[in-house]
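Examination of the molecular architecture
Below, each chain spelled out in residue letters.
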Amino acid sequence: DGFPLFGPYDADGQLHAGLDSCNGKMVNGSYAYFATASFPYIMGCYGPGAVDDTASGVLPSARSEVVLDVTECPAGMYQDLATSRCVVCPAGTFGREAGLASAACSGLCPPGAWCPPGSSTPVAQKCAAGRYGSAAGLSTAACSGPCSAGYYCPEGSTSAEQVPCGGIQWFCPEGSGDRVLVTEGYYTITVDNEGNGVGGGGGAPGGKASGTAALPHGHGRILTGLQGHAAYESASGAAHHALPSGVADAAARDLDLLRRTKEAERHRGWQIISEPGTYSHRGLKRDCPAGRYGNVPGLKSADCTAACSPGHFCPKGSALPTACPKGTYGATEGLGDAKCSGQATLGHYTPTASTSATEVVCPAGRYGDSLGLTTDACSHDCDAASGFCEDSVCKEGYYCPPASVSKAQAECGGSAFFCPKGSALPTPVATGYYTVGSLSKPGEYQTDDDVNIRYDQVICEPGTYCIDGVRIPCPAGRFGGESGLSHHTCSGPAEAGYYTPIESVSARQVDCGGTFNYCPEGSPEPVPVGVGNYSVDGPAANRAWTMTCEPGFYCAAGVKRMCPAGRYGKPHPTPPHGSLTHRAPYAYPTGTYIGLSSEECSGPCKAGYYCPAGSTWHRGGQDTYTRRTSDKYTFAEVKDGGGGLPCPAGRWGGEGMTTDKCEGLCAAGYFCPVGSISPTQTSCGAETLYCPPGSGEPLNVTKGYYATGGTVTTRTGQAECLAQTAPDGARLEEICPSTTVGEGGLLGPDRWYDGMYDPFEYTRSVNEDGAEAQYGGGQSVPADPSQTEGSASMN
């Protein structure tokens, strides 16, 4: 309008005061506009505008009232009849011609204009742009008021809503004389009568522009045409003009909303910078598209600030990226919803903002057998309120390395390992322990059926030892007296005199059992005492070793006894080494002997000998033996010698004699040297010898005596030579028998006989007790062997 525009401050640095409604005032007789710090900032309308006169409360003209004293009042004035003076036509009127005589002048100023005092034309001043005059007779530049927000009023406007602002790319603040193109990055809003914004974006409630409305029941959406007519698009995408039955009312409501929305778009009263999460182009605000975000106000394009970064998602209208929730991951940029790129894969979990399906492996000892796990518990067993998740725990008997997908991911792997619940790796079994499982129970021997899935260890009990997690009984012959043994030797060997079956817990687990058994150190079972042997070292129930029966003894049931009197015990040579199976594994060295095992011993004492108890030989001479040591124990080495004793001289004996009396005395007429086997062992021998019973050797007939009894070789006694009585018919003569011993031997037979001959006297029998003797007629008389000890006599 040609008026200058100045800044808000005067020469003194103070804000200009006295501004009219258009932000202007008269300065040095000329009108000018001044910027202000408050609405309308630059110019509110085309000035001059009304000035607030606080004293009178009226808005006077910007021009002073003029009174003329003339004969004919010119145009713009009328003659006051009372004073005959010319007075300017009142404000709001005009005086088109001269000579007017009424204050009404030519009439009221028409709408769209205002008439200051003294106006001579009806449109002396058009209402300035941004203001309107809706009534006649307006008298100030304020006209009827400022143009309504959402409209603009060109100069001379007659309505507050003279011209709609015209589209969302335009906005018209209150008092606009022309529409203003929206600033990029800003959007326009509708302003109510109080100046409050009531709609944004495209004018729809909530600031969202829309040219459609959804139909109920999934029928499709309403479309608005250029002339405001409605159609609808079915769910299949086909366009129709007739609404389906049953949805007309809902469609009508939605259509009315759309019409009002479209109408509102034409009446935007202000612009607002787009908020974060939105952008504005040509006055239309839109949400930043899904996958992008806008973190500053005033964004101008759908690119907003940037694409959502990996590990985040940006729903439509995001001001900032949102971290992908736990259990999901965002592998790429530009993700638009909370599903992100998908769920964490098996054996892994994803914290918030993860960028990979395998972001974090489930820790060792746990497993992830489902998708979308959220914590290192690797479990969906979570409390909704606290977010705490129970740990997934690897099954006992198995171990779970990192990223495991099953509670039984890997078998523990053999008896030497065990895996408790939640194992990250197999645990090596401790020395002296064995592993147990679902089938292999504590205190029992294990089965291979669960050898690879053991879950605990137990210390080896007494009587057992453990190697590589296997429970093994202490072998027979050894014992385990404590827990935790780890070697097959266990605690040591069985004590001598005892034996230890498998799994024994004491060195004296079981008594050897009697004299008939023996148990060397380390015996797994009793060893029967071999034939001809006896047990030694210890009481009867706990014999530790065996010895071969010495000569003169026999051994039965492990007990050594003397061979009974009358019998002898002579050792037998040992067969070749190893043939005595009853001695295995304790065979005697070659060169020893076999002991006797029966009371019969080696047999009866030989005739002519007697054997006291314990005799070692059946005839003269005593066997000798020595003892020597082999390892710990001793055995006998035999040397042949003798054993039985000969019957003493004067006695004789058959087999089995037990004492030195043998069988009895030697028979009269005979003598028995040492060791004789018959009572008539040896004839006495001659007339000069005689042998009474029990003779060990012949006796010489005493001088002057003659031998008597028996035969000439078996004389049993002697008699002194005395006078003899001649037989009947014979000559009586004192003579001695011819066998009388004299000087130099026998005297001869002639001294014995006289001249008479008795034919019946042909033999002599004096205690005959021996061999036959032949005299006279040559007849023989057998010896009488019935003579016993102490019974000899003379006939």
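Up top is the structure these notes are about.
Residues numbered from 1 in each chain as written. Predicted model: local features only at pLDDT ≥ 70, side-chain atom pairs only at ≥ 80, totals over all residues. Heavy atoms only, no water.

Topic: the sheet that holds strand 1 (residues 5-6)
Pairing in this open sheet of three strands is mixed, and the strands run 1-3-2 from one edge to the other. Bordering the open sheet on either side are strand 1 and strand 2 (24-27), each of which pairs with just one other strand. Across two bridges, strand 1 lies against strand 3 (residues 30-34) in parallel orientation. Its bridge partner lying in strand 3, F6 is registered against F34. (Pairing = 2+ DSSP bridges. Helix = DSSP H or I, 4+ residues; strand = E, 2+ residues; numbered from the N terminus.)

Focus on the side chain of T714
Inspection of the secondary structure assignment puts T714 in the loop between strand 66 (705-708) and strand 67 (717-720). Residue class for T714 comes out buried when judged on its relative accessible area of 0%. A distance of 2.8 Å separates a polar atom in the side chain of T714 from a polar atom in the side chain of T711. (Buried < 20%, exposed > 50% of the residue type's maximum accessible area, 1.4 Å probe, protein only. Polar contact = N/O pair within 3.5 Å; in protein donor to acceptor, adjacent residues only side chain to side chain.)

A closer look at unusual backbone geometry
Unlike most non-glycine residues, R282 shows phi in positive territory, near 55 degrees. If you trace the backbone, R282 turns up in the loop between strand 24 (278-281) and strand 25 (284-287). Take R282: its relative accessible area is 43%, and that puts it in the partly exposed class. Look at C490: it is not a glycine, yet its phi comes out positive at around 50 degrees. With respect to the secondary-structure elements, C490 resides in the loop between strand 42 (478-479) and strand 43 (492-493).

Comments concerning the pattern of salt bridges
Tallied over the entire structure, the rule returns 10 salt bridges. One salt bridge connects K285 with E275, and the closest N-O pair in it is separated by 3.3 Å. One end of the pair, K285, is in strand 25; the other, E275, is in the loop between strand 23 (270-273) and strand 24, with 10 residues separating them in the sequence. Owing to a relative accessible area of 15%, K285 belongs among the buried residues under this scheme. For E687, the salt bridge identified is with R715, shortest N-O distance 2.4 Å. Here E687, found in the loop between strand 63 (682-683) and strand 64 (689-690), pairs with R715, found in the loop between strand 66 and strand 67; they are 28 residues apart in sequence, far enough to count as distant. Among the residues examined, R715 registers a relative accessible area of 3% and is labelled buried. Look at the salt bridges and you will find they share partners, linking R366, D376 and D391 into a network. (Salt bridge = Lys/Arg side-chain N within 4 Å of Asp/Glu carboxyl O.)

Side note on the side chain of S695
Mapped onto the secondary structure, S695 falls in the loop between strand 64 and strand 65 (699-700). Of the residues examined, S695 reaches a relative accessible area of 6% and is grouped as buried. Of the polar contacts made by the side chain of S695, one reaches the backbone oxygen of P692; its length is 2.5 Å. In this view, S695 contacts G650, C666, Y670, F671 and C672; residues no more than four positions away in its chain are not counted. (Contact = heavy atoms within 4.5 Å.)

Description of a nonpolar patch on the surface
Among the surface-exposed residues, L5, F39, Y41, I42, M43 and W270 lie close enough to one another that they form a single nonpolar patch of about 570 Å² accessible area. Position of W270 among the secondary structure elements: in strand 23. Among the residues examined, W270 registers a relative accessible area of 33% and is labelled partly exposed. (Patch = residues over 30% accessible without salt bridge, like charges linked within 9 Å, V, L, I, M, F, W, Y side chains within 5 Å. Areas by Shrake-Rupley, 256 points an atom, 1.4 Å probe, with all protein chains shown as cover.)

Considering the packing of aromatic side chains
Summed over the entire model, instances satisfying the criterion amount to four aromatic pairs. The interplanar angle of 85 degrees and the centroid separation of 5.5 Å between the aromatic rings of F171 and W270 together place this pair among those described as edge-to-face. A residue pair is termed long-range when its members are at least 10 positions apart, and F171 in strand 15 (residues 170-171) and W270 in strand 23 qualify at 99 residues. In this structure, K285 is placed above the aromatic ring of Y187, and the distance from its NZ or CZ to the ring centre is 4.4 Å. (Phe/Tyr/Trp six-rings, centres within 6.5 Å; stacked < 30°, edge-to-face > 60°. Lys NZ or Arg CZ within 6 Å of the ring centre and 35° of its normal.)

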